[in-house]
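Understanding the architecture of this molecule
Chain residues, written in single-letter form:
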Amino acid sequence: MNYFVDERGYYGDFGGAYIPEMLYPNVEELRQKYQSVIDDEQFQKEFKALLKDYVGRPSPLYLAKRLSEKYGANIFLKREDLNHTGAHKINNTIGQILLAEKLGKKRIIAETGAGQHGVATATVCALRGLECVVYMGEVDIKRQAPNVARMKMLGAKVVPATSGSKTLKDATNEAMRDWIANPVDTHYIIGSVVGPHPYPDMVAQFQSIISLETKKQLKEQTGSDLADYVLACVGGGSNAMGMFYHFIDDESVKLIAVEAAGKGVDSGFSAATTTLGKEGVLHGSRSILMQTEDGQVVEPHSVSAGLDYPGIGPQHAHLFKTGRGLYASITDDEALQAGLLLTQYEGIIPAIESAHALAYLEKMEFKGGENVVVCLSGRGDKDMETYMKYFNL
Amino acid sequence: MNRLQQLFEKEQKGLLSIYYTAGYPNLNDTLKIAETLEQSGADFLEIGFPYSDPVADGPIIQASSKQSLDSGMTLPLLFDQLKDLRQKVTIPILLMGYVNVVLQYGVEEFCKKCQEVGVDGCIIPDLPMYEYEEMYQTTFEKYGISNIFLVTPQTSEERICKIDGLSNAFIYLVSSAATTGGNLSVSESSTAYFKRIADMKLKNPFVIGFGISNKETFDAANEYANGTIIGSAFVKNINKENLEGSIRAFMGQFR
């Protein structure tokens, strides 16, 4: 079974590039060049140097002792929360900004939901001195004021998306419209493993550093580079794809992707895409998305803005459909409790996104001694207001 | 030969097509608008079926789509509204919308229904050429539905030739790098682009759309193309309180 992209830009039934002709030249330019740029020795040298000296990689693989005792398995945390800007998002923006430079682009656009990808994009634009425009839903701008301020301080222009539901999917639409209007000098840094081919593959490759390091670290710490289970949360799915990437062909490793059930899968306020969605096309690729019978995209809900997306990347849809990955879901309440638990057991406040993956540990049964890796995709600083309200802190 | 192909065989210059969103400004005006447009001189029509995430559209068509969806428009309802289409309207009709809505309805069912109600073609901007050719071309052709492709100033000549080969009615020339609803400024670069396409001597006629909003842009586009398409400017001018009057007044500028 091939779990990776084929020459047509598909993962089994999913993927492709469902874009209007206006975007074709931009996407086609990327499709033709991305792999040769990424494989270029000079590019790799610069990419690795920035990941090491600027982002702070490799991120530690930390054996969480008290959590391990509680669950009766060896729980390893891949500490993406320790990266510069506080999440895994920067792995991708570093890669894409270097790529944009190689393509001769002068202007960068991005979409953002909670603001993490927007901040990671504004950061690398400041680093390289490129113009940066970030589209963000009007509703999210109000909800995420500190990240808006960070982006502005970094020199980015934050443009409110006022169409549709005024959240992440609408910000993505606005970024695509900007790209239509600026086809020559602009590169669009998509923040997840979504969008038209080659984005899902390109972003996955930039995030795959997570599993590459994990394997090496597992080997050092356990003697084997394989784990029994690898867990990550999934919105669009970029940290999960980075966490799974180098384990995908090791079929003994069970891959568990955790979606946001919101207030409950059947509550009408959920973002559990694989449970509630159907096959369709959104933002340029064929995948699984939450939609009405008539094909209109449904607005999702999750307490965690980073998981509040009505689709998943096409490679995830393929892993789900082939059964290679297990796709589960965790409610808002379960995630917040898991966030508190990690804080009190290990002294690490996780992003609520990552807390969804941690919460799934409660649902697993261990014989004892299994090696389990959880991707701690981001830190919880940005979520303090939500934690404060929920726990009356 | 469908009505669209017959029209282009008969008329080679100055064709005028109007786009409007089904279900806007009122849910059940779809057929009434088509009739009024035919009476006031439109040569063919594009009826938009709304989608929640119309990335190729600017603010005016986004807003009309949203209002239409909020009023309850769906593709099955649109086909129902169009069931007496051919008793009232004789000019060619295209449906325009995004691929996900068609996929959920079923591509074969969609084409079959188009043929049944008398729709001649469709424009699905996010259905790529590759997917059309591989998966859907035979179905479209089986039901006599012309699929219309878009060409932009950035489309390579090689790709335009490929599109010409796959088209059987006309090619939709997007006037400039923009979403719908902009204002085409008739500049040297846009006329050079129109002329470049005209000089390619394609087998299909071509029609210019996006940003055509007044007599000046209409005339400029017609100088090179077989016709023009007006969308946002028309949608913006429809007056809910005076539907027919506002349509006739708008069309009076051109006809």
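Residues numbered from 1 in each chain as written. Chains lettered and ligands numbered in written order. Predicted model: local features only at pLDDT ≥ 70, side-chain atom pairs only at ≥ 80, totals over all residues. Heavy atoms only, no water.

1. Focus: the overall build of chain B
- For chain B, the helix and strand inventory stands at 13 helices and nine strands.
- Here chain B has a C-alpha radius of gyration of 17 Å; the compact-globule value for 255 residues is 18 Å, and the two agree.
- By its C-alpha atoms, chain B is 45 × 40 × 35 Å across when sized along the principal axes.
- Looking at chain B as a whole, 62% of its 255 residues qualify as buried. (Helix = DSSP H or I, 4+ residues; strand = E, 2+ residues; numbered from the N terminus. Rg over C-alpha atoms; globule rule 2.2 N^0.38 Å. Buried < 20%, exposed > 50% of the residue type's maximum accessible area, 1.4 Å probe, protein only.)

2. Comments concerning the environment of A149 of chain A
- The topology assignment puts A149 of chain A in helix α7 (residues 145-153).
- A C-alpha to C-alpha distance of 27 Å links A149 of chain A and A181 of chain A, two positions 32 residues apart in sequence.

3. Side note on the confidence of the model for chain B
- When pLDDT is averaged along chain B, the result is 95, and 100% of the positions lie at 70 or above.
- Predicted complex metrics record ipTM = 0.95 and pTM = 0.97. (pLDDT = per-residue confidence, 0-100.)

4. Re the packing of aromatic side chains
- Enumeration according to the criterion identifies 26 aromatic pairs over all chains in this entry.
- Ring centres of F44 of chain B and F170 of chain B lie 5.4 Å apart, and the angle between their planes is 55 degrees; on these two criteria the pair is classed as tilted. One end of the pair, F44 of chain B, is in strand β2 (residues 44-48); the other, F170 of chain B, is in the loop between α9 (157-166) and β7 (171-174), with 126 residues separating them in the sequence.
- Between Y193 of chain B and F194 of chain B the ring centres are 5.5 Å apart and the planes differ by 45 degrees, which places this aromatic pair in the tilted class. For the pair shown, Y193 of chain B and F194 of chain B are each scored as buried.
- Ring pairs connect the aromatic residues F49, F79, Y105 and F110 of chain B, which therefore count as one cluster.
- Cation over ring: K215 of chain A sits above F247 of chain A, and NZ or CZ is 5.5 Å from the ring centre.
- Across from the ring centre of Y24 of chain A, 3.2 Å away, lies the NZ or CZ of R159 of chain B, which sits over that ring. (Phe/Tyr/Trp six-rings, centres within 6.5 Å; stacked < 30°, edge-to-face > 60°. Lys NZ or Arg CZ within 6 Å of the ring centre and 35° of its normal.)

5. Looking at the sheet that holds strand β4 (residues 121-123) of chain B
Residues and elements named next belong to chain B.
- One open sheet holds the nine strands; their spatial order is β5-β4-β3-β2-β1-β9-β8-β7-β6, and the pairing between them is parallel. The two strands at the open ends of the sheet, each matched to only one other strand, are β5 (146-147) and β6 (150-151).
- Across the sheet, helix α11 (residues 215-224) lies against β1 (15-21), β8 (206-209) and β9 (227-230), angled at about 145 degrees from β9, the strand it touches most. (Pairing = 2+ DSSP bridges. Contact = heavy atoms within 4.5 Å. Axes fitted to C-alpha atoms, helices over the stretch in contact; angles between N-to-C directions.)

6. Some words on the environment of L95 of chain B
All names here are of chain B.
- Along the chain, L95 turns up in strand β3 (residues 93-96).
- The buried category is assigned to L95, whose relative accessible area is 0%.
- Aside from chain neighbours lying at most four places away, what touches L95 is I47, F49, L78, F79, L82, F110, C114, V119, G121, C122 and I123.

7. Points about the pattern of salt bridges
All names here are of chain B.
- Throughout the structure, instances matching the rule amount to 40 salt bridges over all chains.
- Residue R255 pairs with D43 through a salt bridge whose shortest N-O separation is 2.6 Å. Of the two residues, R255 is situated in the segment after α13 (243-252) and D43 in the loop between α2 (30-39) and β2; the sequence distance between them amounts to 212 residues.
- A relative accessible area of 43% places R255 in the partly exposed class.
- Classification of D43 by relative accessible area gives buried; the value is 19%. (Salt bridge = Lys/Arg side-chain N within 4 Å of Asp/Glu carboxyl O.)

8. Some words on the interface of chain A and chain B
- Chain A puts 37 residues into the contact, and the matching count from chain B is 39 residues.
- When the buried surface of chain A facing chain B is broken down by residue, E21, M22 and R177 of chain A rank first, second and third, together holding 23% of it.
- In this assembly, chain A and chain B are joined by two salt bridges.
- Taking the shortest distance from any N to any O, the salt bridge between K169 of chain A and D53 of chain B comes out at 2.9 Å. (Buried area = accessible area lost by both parts, 1.4 Å probe.)

9. Section: the sheet that holds strand β13 (residues 325-331) of chain A
Residue and element names in this part refer to chain A.
- Pairing in this open sheet of six strands is mixed, and the strands run β3-β4-β14-β9-β10-β13 from one edge to the other. Across the chains shown, the open sheet's two edge strands, defined by having one partner strand only, are β3 (61-63) and β13. Mean inter-strand twist for the sheet, computed between neighbouring axes without regard to direction, equals 25 degrees.
- Across seven bridges, strand β10 (residues 254-262) lies against β13 in parallel orientation. Considered in β13, the bridge of E259 is made with S329.
- Strands in contact with helix α15 (residues 352-359) are β4 (74-79), β9 (229-233), β10, β13 and β14 (371-376); relative to β9, the strand with the most contacts, it is inclined by about 145 degrees.

10. Here we look at the nonpolar core
- Within the largest apolar cluster, 186 residues are counted, with the highest numbers of intra-cluster contacts made by F244 of chain A together with I18, L37, L95, F110, F170 and F234 of chain B.
- If near-sequence neighbours (up to four positions away) are discounted, F170 of chain B is found in contact with L4, F8, F44, L94, I148, N204, P205, V207 and I229 of chain B.
- Ranked by size, the runner-up nonpolar core spans 35 residues in total, among them I330, I348, A359 and L361 of chain A. (Core = buried A, V, L, I, M, F, W, Y, C linked by side-chain atoms within 4.5 Å.)

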